[in-house]
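Results of the structural survey
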Amino acid sequence: MYCDCKLIILMLQMGELAVDKHVKYILSVQKKRKDSFEAVVMEHLTMNGAYWGLTTLDLLGKLDVVDSEEITEWIIQCQHESGGFAGNIGHDPHILYTLSAVQVLALLDKLNVLDVDKVSNYIVGLQNEDGSFSGDMWGEVDTRFSYIALCCLSLLHRLDKINMEKAVNYILSCKNVDGGFGCIPGGESHAGQIFCCVGALAITGSLHLVDKDLLGWWLCERQVKSGGLNGRPEKLPDVCYSWWVLSSLIMIDRVHWINKEKLDKDNGGISDRPDDAVDVFHTYFGVAGLSLLEYPGVKAIDPAYALPVDVVNRIFLGR
């Protein structure tokens, strides 16, 4: 899913964010008919959609419009006996959906409903001998899963249950000569994978192992003439990269290397490109990008945990 940052620029020029329209759009996604074509083909992604939509609502200060008890009950029904979570009731568990479940419960201040050891044991069981993580029992390996495992275990205060040294070394083995990171060793550098690797290294206190100047240069090269950001060379710009690129630059203290000014009334929601259909994925990453740009009226988001700063502070600082 790749898109243009022009909509963000337009909102900045207008001087206001259509908060009520975005809230209305997110709630409309939640209320789609269960037997509609869209609902059926996206059923397996419902947990991720809940994270994208609810985090957007929280960033906009509107999380109170949803029924937290109903959402919590649904999440618990998505948990598998293995301890992992599925994308929806009756589906198979996966580390992707497990993080989204933990993040949503964190947003709702409901982490207390979890059997933390059961969830963390599921994640620990997915670490491979080389330090990498599989996404599920079928064994696919990707640096996305390394980030997810480390992020989730950190939120649950269980990072000590894995081999941290091997996890960090595996991530470093995915670093390329251009300073970027791929999904596996030798994989093409990509802004989304870079966020995952840099985020994982930030969570483990290992950012000193990154060549920040080299990586910062690669990330800055993602800004195209229109001001938007792409995910890799010769690709179109995309709203979601306002998150992947900016968050990575912030974590390595190089965000001042891009032109923020160029990043500086619709029916609600944000699309991948102007005139395309809106979706909750791009709505979240568009609003998250605005948060990183310190847009007025949008709560601050943590660049490593991809959660509002006040939620992260509540988990780690008890406030």
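Just so it is clear, the structure is predicted and the values come from calculations on it, not from any experiment.

Brief notes about the overall build of the protein
Across its full length, the protein carries 14 helices and 2 strands. Residues counted as buried form 56% of the 319 residues belonging to the protein.

Here we look at the nonpolar core
Grouped together as the largest cluster of nonpolar side chains are 98 residues, with contacts concentrated most on Leu54, Ile75, Ile123, Tyr147, Trp243 and Tyr284. Not counting the four nearest positions on each side in its chain, Trp243 is found in contact with Phe195, Ser248, Phe285, Ala288, Leu292, Ile301, Asp302, Pro303 and Ala306.

Overview of the pattern of salt bridges
Scanning the entire structure with this criterion turns up 11 salt bridges. Ionic pairing is found between Arg158 and Asp117, a salt bridge with its closest N-O pair at 3.1 Å. Separated by 41 residues along the polypeptide, Arg158 in the loop between helix 8 (143–155) and helix 9 (164–173) and Asp117 in helix 7 (residues 116–124) bring together distant segments of the chain. Given a relative accessible area of 37%, Asp117 falls into the partly exposed group. Connected through shared salt-bridge partners, Asp58, Lys299 and Asp310 make up one network.

Focus on the confidence of the model for the protein
Of all residues in the protein, 84% have pLDDT values of 70 or greater, and the mean over the chain is 88. Across residues 1–15, where pLDDT falls below 50, the model places 63 contacts with residues more than four positions away in sequence or in other chains. Contacts for the low-pLDDT stretch residues 265–276, under 50 throughout, to residues beyond four places or in other chains number 47 contacts.

Observations concerning the environment of Gly180
When you line up the elements, Gly180 lands in the loop between helix 9 and helix 10 (191–203). For Gly180, a relative accessible area of 0% gives the class buried. Expressed as a C-alpha distance, the spacing of Gly180 and Leu214, which sit 34 residues apart in the sequence, is 8.2 Å. Beyond its immediate sequence surroundings of up to four residues, Gly180 is in contact with Cys174, Lys175, Ser189, Ile194 and Leu215.

Observations concerning the packing of aromatic side chains
Here the distance between the centres and the angle between the planes together describe a pair of aromatic rings. Summed over all chains, the structure comprises 7 aromatic pairs. An aromatic cluster is present here, built from Tyr51, Tyr147, Phe195, Trp243, Trp244, Tyr284 and Phe285 joined pairwise through their rings. Sitting over the ring of Trp218, Arg222 keeps its end group 4.4 Å from the ring centre.

With respect to helix 8
A rise of 1.5 Å per residue sets the reference length of helix 8, with its 13 residues, at 18 Å; its end C-alpha atoms lie 18 Å apart and thus fit the reference within 8%. The element helix 8 is largely enclosed, with a buried count of 12 among its 13 residues. Of the positions making up helix 8, those classed as buried are Thr143, Phe145, Ser146, Tyr147, Ile148, Ala149, Leu150, Cys151, Cys152, Leu153, Ser154 and Leu155. For helix 8, the secondary structure elements touched by its buried residues are helix 6 (95–107), helix 7, helix 9, helix 10 and helix 14 (309–317). Among the residues of helix 8, the N-terminal cap falls to Asp142, whose side-chain oxygen and the backbone nitrogen of Arg144 are separated by 2.8 Å.

Description of the side chain of Ser132
Positionally, Ser132 belongs in the loop between helix 7 and helix 8. Given the relative accessible area of 1%, Ser132 is considered buried. At 2.6 Å, the side chain of Ser132 forms a polar contact with the side chain of Asp130. If we ignore the near neighbours within four places in the chain, the residues touching Ser132 are Leu126, Gln127, Val141, Ser146 and Tyr170.

Quick word on helix 13 (residues 280–292)
In a regular helix each residue adds 1.5 Å, so 13 residues correspond to 18 Å; helix 13 covers 18 Å between its end C-alpha atoms and thus fits that length. Summarising burial for helix 13: 13 of the 13 residues are buried, a large majority. Downstream of helix 13 by one or two residues, Glu294 has phi in the positive range, about 60 degrees.

Remarks on the state of the cysteines
Enumeration over the complete set of coordinates arrives at 0 disulfides. In this model Cys152 remains outside any disulfide bridge; the closest cysteine sulfur is found in Cys151, 7.0 Å from its own. Classification of Cys152 by relative accessible area gives buried; the value is 1%.

Some words on the packing of helix 12 (residues 241–251) against helix 13
Running from amino to carboxyl end, helix 12 crosses helix 13 at an angle of 30 degrees, the nearest separation of the two axes being 8 Å. One element, helix 12, and the other, helix 13, form an angle in the roughly parallel class. At the point where helix 12 passes helix 13, the crossing takes the left-handed sense. Counting all contacts with helix 12, which are made through Ser242, Trp243, Trp244, Leu246, Ser247 and Ile250, the residues of helix 13 involved are Phe285, Gly286, Ala288, Gly289 and Leu292. Residue composition of the contact of helix 12 with helix 13, by class: 7 nonpolar, 4 polar and no charged.

Basis of the calculations
Residues numbered from 1 in each chain as written. Predicted model: local features only at pLDDT ≥ 70, side-chain atom pairs only at ≥ 80, totals over all residues. Heavy atoms only, no water. Helix = DSSP H or I, 4+ residues; strand = E, 2+ residues; numbered from the N terminus. Buried < 20%, exposed > 50% of the residue type's maximum accessible area, 1.4 Å probe, protein only. Core = buried A, V, L, I, M, F, W, Y, C linked by side-chain atoms within 4.5 Å. Contact = heavy atoms within 4.5 Å. Salt bridge = Lys/Arg side-chain N within 4 Å of Asp/Glu carboxyl O. pLDDT = per-residue confidence, 0-100. Phe/Tyr/Trp six-rings, centres within 6.5 Å; stacked < 30°, edge-to-face > 60°. Lys NZ or Arg CZ within 6 Å of the ring centre and 35° of its normal. Expected span 1.5 Å × (residues − 1). Polar contact = N/O pair within 3.5 Å; in protein donor to acceptor, adjacent residues only side chain to side chain. Disulfide = S-S within 2.5 Å. Axes fitted to C-alpha atoms, helices over the stretch in contact; angles between N-to-C directions. Parallel < 35°, antiparallel > 145°, perpendicular 65-115°, else oblique. Left-handed = near helix turned anticlockwise from the far one by under 90°. Nonpolar A, V, L, I, M, F, W, Y, C, P; charged D, E, K, R; others polar.

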